[in-house]
Amino acid sequence: MVGGGTTEDVCRAKQIPGTFLDLNRGFDMMTMDIPERAENIFWHPPYGGMIIYSDKMYKAQDIINQYGFDPRVNDLSRAKDWDDFVKKMNYCMLKQFSALEKGGRMFVLMGDWKQKGKLYSMLCDIAKPGTLEQIIIKMEHNCVSDSRSYSNMNFVPISHEYVMVVRKDAAMIIPVAMTRKTEMDVRDCVSGTWRDLVAAILEEAHKPLALKEIYQRVDGHKKCASNQHWREKIRQTLQKNTCFRHVAEGVWAVA
Ligand SMILES: C[S@@+](CC[C@H](N)C(=O)[O-])C[C@H]1O[C@@H](n2cnc3c(N)ncnc32)[C@H](O)[C@@H]1O
């Protein structure tokens, strides 16, 4: 995914032979075979949908005319959402890692994307096959966002990217670390305390609750299975923690 060809320029300057591929050169990583078994791969994928490439940086029609396919279909920057992007990114990651010779390395340049207070981190979500050898922090200078002024600077701007280096020590059986998204219900989380469980119930309710209502919300969950006197435990928790407020007879709220 060499885009404008920076990688190619650097390789030329350093006399490193290479093969330079991109959608804009008629190569679709999602559907086409990587043309060789590589010693090293430097990969600079899109940053999710932060910057759109096909039909923005180059004309889709030119690729259609020249190579006979529409680059917008499998352009990673046009994935329908973050989860779809991560799925495609990881397909490409494992495909390229498979194309490495044993002993080879993959260098992946990537960044994080913050939108509406949520961080979309490529580094966190990317599949990490083989041996993780290094995470290099690359400072970002002269970004478009540097010149932007914000009315509210109540955040830490992102001013770095990462280069992740993974090495292929085995040819056939390869360890892969992947992020799995799941959910936990605090009522089934035995490592949480009773204070935190009761506080969560009251916070979720957004109003004072009678003891009976608190009991109903936890009954049957794993936290109760670990203590047969759980009702007494809840009453004791409410009385001894300053984060709770006694509103009326048997009625409690968060302080
Ligand atoms: C971050 S840019 C690379 C920038 C490049 N390092 C440069 O110096 O311009 C990502 C590139 O990924 C390419 N790309 C996106 N999806 C692709 C796919 N399925 N197959 C091949 N290239 C793809 C885009 O065309 C874009 O040029």
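The following refers to the structure shown.

Rules of the game
Residues numbered from 1 in each chain as written. Predicted model: local features only at pLDDT ≥ 70, side-chain atom pairs only at ≥ 80, totals over all residues. Heavy atoms only, no water. Helix = DSSP H or I, 4+ residues; strand = E, 2+ residues; numbered from the N terminus. Buried < 20%, exposed > 50% of the residue type's maximum accessible area, 1.4 Å probe, protein only. Polar contact = N/O pair within 3.5 Å; in protein donor to acceptor, adjacent residues only side chain to side chain. Near = heavy atom within 4 Å. Areas by Shrake-Rupley, 256 points an atom, 1.4 Å probe, with all protein chains shown as cover. Nonpolar A, V, L, I, M, F, W, Y, C, P; charged D, E, K, R; others polar. Axes fitted to C-alpha atoms, helices over the stretch in contact; angles between N-to-C directions. Parallel < 35°, antiparallel > 145°, perpendicular 65-115°, else oblique. Contact = heavy atoms within 4.5 Å. Salt bridge = Lys/Arg side-chain N within 4 Å of Asp/Glu carboxyl O. Pairing = 2+ DSSP bridges. Expected span 1.5 Å × (residues − 1).

### Some points on the environment of Arg105
Turning to step 1, where the next piece is worked out: Checked against the element boundaries, Arg105 lands in strand β2 (residues 100-110).
Turning to step 2, where the next piece is worked out: The class of Arg105 is partly exposed, set by a relative accessible area of 28%.
Turning to step 3, where the next piece is worked out: The sequence separation of Arg105 and Val166 amounts to 61 residues, and the corresponding C-alpha distance is 5.6 Å.
Turning to step 4, where the next piece is worked out: Within the structure, Arg105 has its side chain in polar contact with the side chain of Glu133 (distance 2.6 Å).

### A closer look at the site of the ligand
Turning to step 1, where the next piece is worked out: In the region of the ligand, 19 residues are neighbours, and Gly4, Thr6, Asp22, His44 and Tyr58 sit closest.
Turning to step 2, where the next piece is worked out: In this structure, Thr6 approaches the ligand through a side-chain N or O atom, which is 2.3 Å from an oxygen atom.
Turning to step 3, where the next piece is worked out: A distance of 2.7 Å separates an oxygen atom of the ligand from a polar side-chain atom of Asp22.
Turning to step 4, where the next piece is worked out: Within the complex, the protein chains bury 92% of what would otherwise be the 600 Å² of accessible surface of the ligand.
Turning to step 5, where the next piece is worked out: For the shell around the ligand, the per-class residue count stands at 11 nonpolar, 5 polar and 3 charged.

### Side note on the packing of helix α5 (residues 194-205) against helix α6 (residues 211-218)
Turning to step 1, where the next piece is worked out: Remark: α5 packs on α6, axes separated minimally by 11 Å, with the N-to-C direction vectors making an angle of 110°. When the axes of α5 and α6 are compared, the pair comes out roughly perpendicular. For the pair α5 and α6, contact is made by Leu197, Ile201, Leu202 and Ala205 and by Ile214, Arg217 and Val218, respectively.

### Focus on the packing of α5 against helix α8 (residues 230-240)
Turning to step 1, where the next piece is worked out: At a minimum axis separation of 10 Å, α5 and α8 run at an interaxial angle of 80°. The angle between α5 and α8 places the two elements in the roughly perpendicular class. Between α5 and α8, the residues in contact are Trp194, Arg195, Val198 and Leu202 and Trp230, Lys233, Ile234, Thr237 and Leu238, respectively.
Turning to step 2, where the next piece is worked out: Of the residues contributing to the contact of α5 with α8, the split by class is 6 nonpolar, 1 polar and 2 charged.

### Comments concerning the pattern of salt bridges
Side-chain pairs of opposite charge can arise whenever the charged atoms involved come near each other.
Turning to step 1, where the next piece is worked out: This structure, assessed with the given rule, holds 12 salt bridges.
Turning to step 2, where the next piece is worked out: Glu161 is the salt-bridge partner of Lys138, the closest N and O atoms lying 2.9 Å from each other. Taken together, the residues span a long stretch of sequence, with Lys138 in strand β6 (residues 131-139) and Glu161 in strand β7 (residues 160-167) at a distance of 23 residues.
Turning to step 3, where the next piece is worked out: Several salt bridges converge on common partners, so that one network encompasses Arg105, Glu133, Arg167 and Asp169.

### Quick word on the sheet that holds strand β9 (residues 209-210)
Two orientations exist for strands paired in a sheet by backbone hydrogen bonds: parallel and antiparallel.
Turning to step 1, where the next piece is worked out: Taken in spatial order, the 3 strands line up as β9-β11-β10 in an open sheet, and their pairing is antiparallel. Either end of the sheet is taken by a strand with one partner, and the two such strands are β9 and β10 (244-248).
Turning to step 2, where the next piece is worked out: Bridging between β9 and strand β11 (residues 251-254) involves 2 bridges; their strand directions are antiparallel. Bridge assignment links Leu209 to a residue of β11, and that residue is Trp252.

### Side note on the sheet that holds β2
Turning to step 1, where the next piece is worked out: Here we have 4 strands laid out as an open sheet, ordered β1-β2-β7-β6, and mixed in their pairing. The open sheet has two free edges, formed respectively by β1 (38-43) and β6, since each of these has just one partner strand. Recorded for the sheet is a direction-independent mean angle of 15° between the axes of neighbouring strands.
Turning to step 2, where the next piece is worked out: Taken strand by strand, helix α3 (residues 82-98) contacts β1, β2 and β7, and its axis lies near 150° from that of β2.

### What about α3?
Turning to step 1, where the next piece is worked out: In this model α3 runs 24 Å from its N-terminal to its C-terminal C-alpha over 17 residues, within 8% of the 24 Å that 1.5 Å per residue would give.
Turning to step 2, where the next piece is worked out: α3 sits mainly inside the fold: 12 of its 17 residues count as buried.

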